[in-house]
Amino acid sequence: QVQLVESGGGLVQAGGSLRLSCAASGRTFSRYAMGWFRQAPGKEREFVAAIIWSGSTTYYADSVKGRFAISRDNAKNMVYLQMNNLKPEDTAVYYCNGDRLKERVIGGSPHEPEYWGLGTQVTVSS
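Residues numbered from 1 in each chain as written. Predicted model: local features only at pLDDT ≥ 70, side-chain atom pairs only at ≥ 80, totals over all residues. Heavy atoms only, no water.

Undergrad: I tried to follow the nonpolar core on my own but got confused; where do I start?
TA: Generally speaking, soluble globular proteins have nonpolar side chains that are buried together. Formed by 34 residues in total, the largest nonpolar core has its most connected members in Met-34, Trp-36, Leu-81, Met-83 and Tyr-94. Listing elements by their share of this core, those giving two or more residues are strand E3 (18-24), strand E4 (33-39), strand E5 (46-51), strand E7 (68-73), strand E8 (78-83), strand E9 (92-99) and strand E11 (120-125). The element that contributes the greatest number of residues to this core is E5, accounting for five residues. (Core = buried A, V, L, I, M, F, W, Y, C linked by side-chain atoms within 4.5 Å. Buried < 20%, exposed > 50% of the residue type's maximum accessible area, 1.4 Å probe, protein only. Helix = DSSP H or I, 4+ residues; strand = E, 2+ residues; numbered from the N terminus.)

Below, the structure written as structure tokens:
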């Protein structure tokens, strides 16, 4: 079983930046598509960003495109989400996730990703 642990969340002013990290266990990590979802209070979970196992293709929600960047380091079993020009509406708990099927990670499947972290809080103040 793959286990995921997020870190790097915090409080930042609008226009600021944060870098989230996701540490993954498991020797098959390199073959998993990885991504980030977020959930704000009272709102549905939404897709944020994803990256395929090779790292050659990335996906972003329209709301974060141009501001966020996802990357991975398979040698370190790490996934990152660089968040720039943060807005108050970015405030949410951010969850790292992974699956062998990229459709689940990019939000294009009725099935959610198989593996989830417990989340890290990102709060963007006005």
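Undergrad: Before we go on, may I ask you to explain the state of the cysteines in this structure?
TA: The term disulfide refers to a covalent linkage connecting the sulfur atoms of a pair of cysteines. Counted under the stated rule, the structure contains one disulfide. The disulfide that involves Cys-22 links it to Cys-96, with 2.0 Å between the sulfurs. Every disulfide takes its handedness from the sign of the S-S torsion; for Cys-22 and Cys-96 that torsion is -80 degrees, giving left-handed. Of this pair, Cys-22 sits in strand E3 while Cys-96 sits in strand E9; the two residues are 74 residues apart in sequence, bridging distant segments of the chain. Judged by relative accessible area, Cys-96 falls into the buried class, the value being 0%. (Disulfide = S-S within 2.5 Å.)

Undergrad: Can you help me understand the sheet that holds E7 in this one?
TA: The strands making up a sheet associate through hydrogen bonds between their backbones, and the pairing can be parallel or antiparallel. Reading across from one edge, E1-E3-E8-E7 is the order of the four strands in this open sheet, with antiparallel pairing throughout. Edge strands, defined here as strands with exactly one partner in the open sheet, are strand E1 (4-7) and E7. Averaged over all pairs of adjacent strands, the angle between strand axes in this sheet comes to 15 degrees, irrespective of strand direction. Sheet analysis places E1 next to E3, joined by four bridges and oriented antiparallel. Within the sheet, the bridge partner assigned to Leu-4 lies in E3 and is Ala-24. (Pairing = 2+ DSSP bridges. Axes fitted to C-alpha atoms, helices over the stretch in contact; angles between N-to-C directions.)

Undergrad: In this structure, what is going on with the pairing of E7? I would like to understand it.
TA: Here is the key point about a regular strand: its side chains alternate between the two faces of the sheet. Only one face of E7 is buried, namely the one carrying Phe-68, Ile-70 and Arg-72, since none of Ala-69, Ser-71 and Asp-73 on the opposite face is buried. Where E7 and E8 come together, six bridges link them in antiparallel fashion. Counted as the bridge partner of Asp-73 is Met-78 from E8. The antiparallel pairing of E7 with E8 creates a hairpin that spans four residues between the two strands, and Asn-77 there sits at a positive phi of about 55 degrees.

Undergrad: Can you help me understand the pattern of salt bridges in this one?
TA: Side-chain pairs of opposite charge can arise whenever the charged atoms involved come near each other. On inspection of all chains with the given rule, the structure shows six salt bridges. Across the pair Arg-45 and Glu-112 runs a salt bridge whose closest N-O atoms are separated by 2.7 Å. Here Arg-45, found in the loop between E4 and E5, pairs with Glu-112, found in the loop between helix H1 (102-105) and strand E10 (115-116); they are 67 residues apart in sequence, far enough to count as distant. The class of Arg-45 is partly exposed, set by a relative accessible area of 30%. By relative accessible area, Glu-112 is classed as partly exposed at 44%. Ionic pairing is found between Asp-99 and Arg-104, a salt bridge with its closest N-O pair at 3.4 Å. With a relative accessible area of 24%, Arg-104 lands in the partly exposed category. Shared partners join several salt bridges into a network, and the residues in it are Arg-38, Glu-46, Arg-67 and Asp-90. (Salt bridge = Lys/Arg side-chain N within 4 Å of Asp/Glu carboxyl O.)

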